[in-house]
Amino acid sequence: MTDQHWFAAPAGGEPAGAADGPTRIAELRGVIDHLDQRIIALLAERTRVVQELTAHKTDEATVRSPDRVRQVLDRVSDLAVGNGMPPEVAVGTYRALIDELTRMQLDMLAARRAAASAGEER
Ligand SMILES: C=C(O[C@@H]1C=C(C(=O)O)C=C[C@H]1O)C(=O)O
């Protein structure tokens, strides 16, 4: 990576020394808890869209769609840079997310196939 530094103090933050270390840590953990609440709500929404999209997939290759995965990861990397965040953190997070969502999609596909073949046997 370049000498770009991602960890500069955000502008407008608490002046140094305004709260002691433990107090500030507790405050910032509260901020993180609130952000996690919003992040999970958005991830739940994203997951629902993936589930709806999966209903239209009929094979494993379409579930995996590696070209689309690359496109999403490239886009997320660019968005991270644009938002002043280390792109490795965003890409690593999305890799894990997409791995899990791919597993979820494969399970959905298998369940649909099992239900279809059980229906055929009747
Ligand atoms: C959602 C899709 O399927 C999978 C999940 C993706 C994601 O979470 O962004 C991307 C590619 C696929 O592995 C898709 O095909 O767009």
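Residues numbered from 1 in each chain as written. Predicted model: local features only at pLDDT ≥ 70, side-chain atom pairs only at ≥ 80, totals over all residues. Heavy atoms only, no water.

The chain carries the name Isochorismate pyruvate lyase in an unreviewed UniProt entry, which gives Micromonospora taraxaci as its organism.

Asker: How should helix 4 (residues 87–121) be read in this particular structure?
Answerer: Every α-helical turn comprises 3.6 residues, leaving residues that sit three or four positions apart pointing alike. Helix length check: helix 4, at 35 residues, gives a terminal C-alpha distance of 50 Å against a target of 51 Å (1.5 Å per residue), a fit within 8%. Restricting attention to buried positions, one finds in helix 4 the residues P87, A90, V91, L97, I98, L101, T102, Q105 and L109. Contact partners of the buried residues in helix 4: helix 1 (21–54), helix 2 (60–64) and helix 3 (66–82). (Helix = DSSP H or I, 4+ residues; strand = E, 2+ residues; numbered from the N terminus. Expected span 1.5 Å × (residues − 1). Buried < 20%, exposed > 50% of the residue type's maximum accessible area, 1.4 Å probe, protein only. Contact = heavy atoms within 4.5 Å.)

Asker: Teacher, can you tell me more about the packing of helix 1 against helix 4 here?
Answerer: Two quantities define a packed helix pair, namely the angle between the helix axes and the distance between the axes. Axis separation between helix 1 and helix 4 bottoms out at 10 Å; the angle between their running directions is 40°. Taken together, the axis directions place helix 1 and helix 4 in an arrangement best described as oblique. Helix-helix and strand crossings are classified by hand; for helix 1 and helix 4 the assignment is right-handed. In this structure, helix 1 uses L43, R46, T47, V50, Q51, L53 and T54 to contact helix 4, whose residues at the interface are Y94, L97, L101, M104, Q105, M108 and R112. The residue inventory of the contact of helix 1 with helix 4, partitioned by class, reads eight nonpolar, four polar and two charged. (Axes fitted to C-alpha atoms, helices over the stretch in contact; angles between N-to-C directions. Parallel < 35°, antiparallel > 145°, perpendicular 65-115°, else oblique. Left-handed = near helix turned anticlockwise from the far one by under 90°. Nonpolar A, V, L, I, M, F, W, Y, C, P; charged D, E, K, R; others polar.)

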